Each structure stands twice: as C-alpha cells, then as structure tokens.
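Listed below are the residues making up each chain.
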Amino acid sequence: MLVSILHRATGDGMATIGTGLFVWWLAALASGEKAYATFLDTFTLSGGGLNILGWIVGVGLTLSVFQHMMSGIRHLVMDTGAAFELKRNRTFALMTMVCSVAFTAIFWLYLGTK
C-alpha cells in the first residue's frame, strides 16, 4: 500500500512542483537577465554549486522520478499477471523503494564527478 501511495504522491509532486519550476524558469528566461539571475540565485551558490534549497529540490525531484518509474515498472509487471503472490508482491514493492534510492544516489554521484 505504501508503494501505491508513493506512486501517486510522486506523480502529483512532479506535476505540481516540477511544472511550477519549469514555468518559473521559462518566465525568467523570457523576462531578461535580472529575472534569470534571481531564479539562479534561489537554487545556486555564487561559486556555481547548489545551495541547500537547490539540493532539496534537485534530489527530491530526482527521487520522485525514479520512485515513480520503478513503481510504474512494477505495475507493468503486475499487468502481465505476474507477481500477485503476497511474498513476491512485497519483494517487488521493497525493490521499488531500494532501486529508486540507489538510482538517485548513483545519479547524483555521477553529477558530482562532472
């Protein structure tokens, strides 16, 4: 049940927060250098890295994407008629959470090496 709730919550979060940030970014681009600098200053440090808000939003949205994707893959497998046994279903549910955290960590570690 937790995975189902997380699937809905991550989808809603990506839709609202992700779309809001995207629209803000587009509006800042269209409004000129000062507006775009304000957008960048909200999420980045003057040296070029992310500030705490940038980390929270970036990691949060990345985790949401991977959690939603893993849960969607789980539902796709279940739509084929597989994994309805309780033990296998619980294992797949646990795997969605473990894989989403692992993929998020790998993604941010990869970005850190660039």
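Since the structure is predicted, the reported quantities are computational estimates derived from the model, not experimental observations.

S.K.: I keep staring at unusual backbone geometry and nothing clicks. Help me out?
M.R.: Note on backbone geometry: most residues besides glycine have negative phi, and most peptide bonds are trans. Phi is positive for Ala83, close to 65 degrees, though the residue is something other than glycine. Structurally, Ala83 is set in the loop between helix H3 (52-79) and helix H4 (86-113). For Ala83, a relative accessible area of 2% puts it in the buried group.

S.K.: It is not clear to me how the environment of Met95 should be interpreted in this structure. Could you clarify?
M.R.: Within the fold, Met95 resides in helix H4. On the basis of relative accessibility, which here comes to 42%, the residue Met95 falls in the partly exposed class. Placed 25 residues apart in sequence, Met95 and Met70 show a C-alpha to C-alpha distance of 8.3 Å.

S.K.: Help me out: how do you make sense of the layout of surface pockets in this one?
M.R.: Gaps left between atoms show up when a probe the size of a water molecule is rolled over them. Put simply, the largest pocket is a space of about 200 Å³. Contributing elements (two or more residues each) for the lining of the largest pocket: helix H2 (33-43) and H3. A total of five residues in the lining of the largest pocket trace back to one element, the largest contributor, which is H3. A per-class count over the lining of the largest pocket returns seven nonpolar, three polar and no charged.

S.K.: Would you mind showing me how to read the packing of aromatic side chains here?
M.R.: Two descriptors summarise a pair of aromatic rings, namely the distance from one centre to the other and the angle between the planes of the rings. One pass over the full model with this rule turns up nine aromatic pairs. Aromatic side chains Phe66 and Phe107 sit 6.3 Å apart centroid to centroid with 65 degrees between the ring planes, which places their arrangement in the edge-to-face category. Note that Phe66 is positioned in helix H3 and Phe107 in helix H4, a separation of 41 residues in sequence. Residue class for Phe107 comes out partly exposed when judged on its relative accessible area of 33%. Chaining the aromatic ring pairs together yields one cluster made of Trp55, Phe66, Phe103, Phe107 and Trp108.

S.K.: I'm lost on a nonpolar patch on the surface in this one. Help?
M.R.: On the surface, Phe22, Val23, Trp25, Leu26 and Leu29 cluster together into a nonpolar patch covering about 450 Å² of accessible area. Inspection of the secondary structure assignment puts Trp25 in helix H1 (residues 2-31). You can call Trp25 partly exposed: its relative accessible area is 31%.

S.K.: I'm lost on the packing of H1 against H4 in this one. Help?
M.R.: Helix-helix packing: each pair is described by the crossing angle between the helix axes and the interaxial distance. In the contact formed by H1 and H4, the axes pass within 10 Å of each other and the chain directions differ by 40 degrees. As the angle between them shows, H1 and H4 are arranged oblique. Here Leu2, Val3 and Leu6 of H1 lie close against H4, whose contacting residues are Ala93, Thr96 and Met97. Broken down by class, the residue content of the contact of H1 with H4 amounts to five nonpolar, one polar and no charged.

What counts as what
- Residues numbered from 1 in each chain as written.
- Predicted model: local features only at pLDDT ≥ 70, side-chain atom pairs only at ≥ 80, totals over all residues.
- Heavy atoms only, no water.
- Helix = DSSP H or I, 4+ residues; strand = E, 2+ residues; numbered from the N terminus.
- Buried < 20%, exposed > 50% of the residue type's maximum accessible area, 1.4 Å probe, protein only.
- 1 Å grid on protein atoms, 1.4 Å probe; cavity = no way out; pocket = protein on both sides within 12 Å on 5 of 7 lines; lining within 4 Å.
- Points joined across faces, edges and corners; volume = space filled by probe spheres on them.
- Nonpolar A, V, L, I, M, F, W, Y, C, P; charged D, E, K, R; others polar.
- Phe/Tyr/Trp six-rings, centres within 6.5 Å; stacked < 30°, edge-to-face > 60°.
- Patch = residues over 30% accessible without salt bridge, like charges linked within 9 Å, V, L, I, M, F, W, Y side chains within 5 Å.
- Areas by Shrake-Rupley, 256 points an atom, 1.4 Å probe, with all protein chains shown as cover.
- Salt bridge = Lys/Arg side-chain N within 4 Å of Asp/Glu carboxyl O.
- Axes fitted to C-alpha atoms, helices over the stretch in contact; angles between N-to-C directions.
- Parallel < 35°, antiparallel > 145°, perpendicular 65-115°, else oblique.
- Contact = heavy atoms within 4.5 Å.

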